Amino acid sequence: SAQTVIYHHLETLKRLLAPILVFTTDEAYLAEGGTESIHLADWPVVPETWRNATTAGEIEKLLELRDPVNEKLEEIRTRKQIGKSVEATLKISVPESSELANLMNKYADQLAELFIVSNVETSTCADDEELSIIVSVADGERCPRCWRTVTEKVETSLGHVCRRCADAVNPFLD
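Note that the structure is predicted; figures quoted are calculated from it, not measured. (Residues numbered from 1 in each chain as written. Predicted model: local features only at pLDDT ≥ 70, side-chain atom pairs only at ≥ 80, totals over all residues. Heavy atoms only, no water.)

A. Inspection of the packing of aromatic side chains at higher detail. Counting across every chain of the model gives zero aromatic pairs. Sitting above the plane of the tryptophan 147 ring, arginine 142 keeps its charged end 4.4 Å from the centroid. (Phe/Tyr/Trp six-rings, centres within 6.5 Å; stacked < 30°, edge-to-face > 60°. Lys NZ or Arg CZ within 6 Å of the ring centre and 35° of its normal.)

The following block contains the structure:
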């Protein structure tokens, strides 16, 4: 599956860059078995089967939190408590029966990446309360691979990295 993704990325990039890197992309296209010039090829089209309207809508809803989160991150950055957003931890509280509560629970593992921070803690509050976002400096030390601040590192042949990075690189080290 990883090779398939890389293949589609390369095919798309070659066609999108063809007007800019005229000769380079044409040579790459012909070297990989293309019979005519890349400039005669169609623009890449995303197959409909790759689209998931439900997931896209859920992510759009979560992305609505980016502006208020970024405002809070900017406040703490202005006070010189952090340099980069990845040095922060978020605590987000949403009304219990809101759609956002369900989405944050569903995508809990991806929220730190979505908001570009080290950690996101979520909780629910009473329905009559409003959304609450608290930003603080993350505890721990920086992972040399992903730069997130973590409290625990794991030893790998590439050095001490966070658990998430260790899980990502270990399959390739065997």
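Further notes follow.
B. Region of interest: the sheet that holds strand E1 (residues 88–95). The strand order across the open sheet formed by three strands is E2-E1-E3, and the pairing between neighbours is mixed. For this open sheet the edge positions go to strand E2 (119–125) and strand E3 (132–137), each flanked by a neighbour on one side alone. On average, each strand axis in the sheet is tilted by 15° relative to the strand beside it, whichever way the strands run. As judged from the seven bridges shared by E1 and E2, these two strands associate in the parallel manner. Note on E2: the bridge partner recorded for leucine 90 is valine 120. (Pairing = 2+ DSSP bridges. Helix = DSSP H or I, 4+ residues; strand = E, 2+ residues; numbered from the N terminus. Axes fitted to C-alpha atoms, helices over the stretch in contact; angles between N-to-C directions.)

C. Fine view of the nonpolar core. In this structure, Leu62, Leu90, Ile92, Met104, Phe115, Val117 and Val120 are the most contacted members of the largest nonpolar core, which totals 23 residues. Sequence-distant contacts of isoleucine 92, that is, excluding residues within four places in its chain, are made with Val69, Met104, Phe115, Val120, Glu121, Thr122, Ser123, Leu131, Ser132 and Ile133. The next biggest cluster of nonpolar side chains, apart from the first, holds seven residues, and it includes Cys143, Val150, Val154 and Cys162. (Core = buried A, V, L, I, M, F, W, Y, C linked by side-chain atoms within 4.5 Å. Buried < 20%, exposed > 50% of the residue type's maximum accessible area, 1.4 Å probe, protein only. Contact = heavy atoms within 4.5 Å.)

D. Geometry of the pairing of E1. Of all eight residues in E1, seven are buried, a share of seventy percent or more. Strand direction decides the pairing type here: E1 and E3, joined by six bridges, are antiparallel. Along E3, the bridge assignment pairs threonine 89 with serine 136.

E. Structural detail: unusual backbone geometry. Even without glycine at this site, lysine 80 takes up a positive phi of about 65°. Looking at where lysine 80 falls in the secondary structure, it is placed in the loop between helix H4 (66–78) and E1. What makes lysine 80 exposed here is its relative accessible area of 73%. The phi torsion at tryptophan 147 lies on the positive side, around 70°, for a residue other than glycine. Relative to the assigned elements, tryptophan 147 resides in the loop between strand E4 (141–142) and strand E5 (149–150). Take tryptophan 147: its relative accessible area is 39%, and that puts it in the partly exposed class.

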